[in-house]
Amino acid sequence: MATKDDAAATADAARAGTADTGRAVDTEGAGVGRGRTSRPEGDYSMTRSEEQLRVGTELRETERVRLVKRVVTEDVTMTVQIRREELVVERLPVKDGEPLYDDGQGTFSRAERERLYSAVETAFNGDVVEVVLYEEKPRVEMDVVPIERVRVRREAHTHDENVTGQVRKEVIETERVEL
């Protein structure tokens, strides 16, 4: 049976972190003192150990980004100016209603004289004059035009980060043992 002193020494050693010292604790009542040990006689040393915090980095995936091109349709309204010709009929009276003739005095220009002779020659012949009218219609064409180039790239940014952890260490103290 263990004595009261042996139990107190075991408890003190456990509190001091020295429970595993390699010394056999006498629970059979052999008394306080050196007791049984695996160390050779005259070896009065202990090895103290402690944990050390080892900090490194690991690479992990945080997100994936994919460039995807989709086609969307939007309505575009533009204004275009349209030109259209209309027929305008003008009726001009012939000079005071008198018949026209070339008096040779040079009152007609060459172009007027040619029109006058042409009109006199075709009088009562059923003359036909055609006039072509034009109008513009809106025309829409599509052009594919490159607008911008979109590119993604990775940038690596570094920063310092404090890492805190708990480590254990053994403490070796000396105690006086009374005889």
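Because the structure is a prediction, the values reported are computed rather than measured.

Details of the overall build of the chain
Point 1. The secondary structure content of the chain amounts to two helices and zero strands.
Point 2. Per-residue burial over the chain gives 3% buried out of 179 residues.
Point 3. The long-range fraction of contacts in the chain, counting pairs at least 24 apart against all pairs at least 6 apart in sequence, stands at 62%.
Point 4. Of the accessible surface of the chain, which amounts to about 19,600 Å², a share of 49% is contributed by carbon and sulfur atoms.

Thoughts on the layout of surface pockets
Point 1. Taken as a whole, the second largest pocket spans an internal volume of roughly 620 Å³.
Point 2. Together, 15 residues line the second largest pocket, and E58, L59, R60, T62 and E63 are the ones closest to its centre.
Point 3. For the lining of the second largest pocket, a count of residues per class yields five nonpolar, four polar and six charged.

What to know about the pattern of salt bridges
Point 1. Enumeration over the complete set of coordinates arrives at eight salt bridges.
Point 2. When the shortest N-O distance is used, the salt bridge between E50 and R48 registers 3.2 Å.
Point 3. A relative accessible area of 40% places E50 in the partly exposed class.
Point 4. The exposure class assigned to R48 is partly exposed, which follows from its relative accessible area of 45%.
Point 5. Residue E85 is joined to R83 by a salt bridge in which the shortest nitrogen-to-oxygen separation is 3.2 Å.
Point 6. By relative accessible area, which is 26% here, E85 ends up partly exposed.

Brief notes about a nonpolar patch on the surface
Point 1. Taken together, the side chains of L87, V89, V129, V131 and L133 define a hydrophobic patch exposed on the protein surface, amounting to about 520 Å² of accessible area.
Point 2. Looking at the secondary structure, you find L133 in the segment after α2 (110–121).
Point 3. Exposure remark for L133: the relative accessible area of 41% places this residue in the partly exposed category.

Examining the environment of R139
Point 1. Within the secondary structure, R139 sits in the segment after α2.
Point 2. Sequence separation between R139 and V80 is 59 residues, and the spatial gap between their C-alpha atoms is 9.7 Å.
Point 3. Separated by 3.2 Å, the side chains of R139 and E141 make a polar contact.

Comments concerning the environment of P138
Point 1. Position of P138 relative to the elements: it lies in the segment after α2.
Point 2. In this structure P138 comes out as exposed when scored by relative accessible area, which is 57%.
Point 3. Once residues within four sequence positions are removed from consideration, P138 is found in contact with V80 and I82.

What to know about the confidence of the model for the chain
Caution applies to low-pLDDT regions: their predicted coordinates should not be interpreted in detail.
Point 1. Taken residue by residue, the chain gives an average pLDDT of 78. The fraction at 70 or more is 70%.
Point 2. Here residues 13–33 scores under 50 on pLDDT; set against residues more than four positions off or in separate chains, the count is 28 contacts.

The rules we used
Residues numbered from 1 in each chain as written. Predicted model: local features only at pLDDT ≥ 70, side-chain atom pairs only at ≥ 80, totals over all residues. Heavy atoms only, no water. Helix = DSSP H or I, 4+ residues; strand = E, 2+ residues; numbered from the N terminus. Buried < 20%, exposed > 50% of the residue type's maximum accessible area, 1.4 Å probe, protein only. Contact = heavy atoms within 4.5 Å. Areas by Shrake-Rupley, 256 points an atom, 1.4 Å probe, with all protein chains shown as cover. 1 Å grid on protein atoms, 1.4 Å probe; cavity = no way out; pocket = protein on both sides within 12 Å on 5 of 7 lines; lining within 4 Å. Points joined across faces, edges and corners; volume = space filled by probe spheres on them. Nonpolar A, V, L, I, M, F, W, Y, C, P; charged D, E, K, R; others polar. Salt bridge = Lys/Arg side-chain N within 4 Å of Asp/Glu carboxyl O. Patch = residues over 30% accessible without salt bridge, like charges linked within 9 Å, V, L, I, M, F, W, Y side chains within 5 Å. Polar contact = N/O pair within 3.5 Å; in protein donor to acceptor, adjacent residues only side chain to side chain. pLDDT = per-residue confidence, 0-100.

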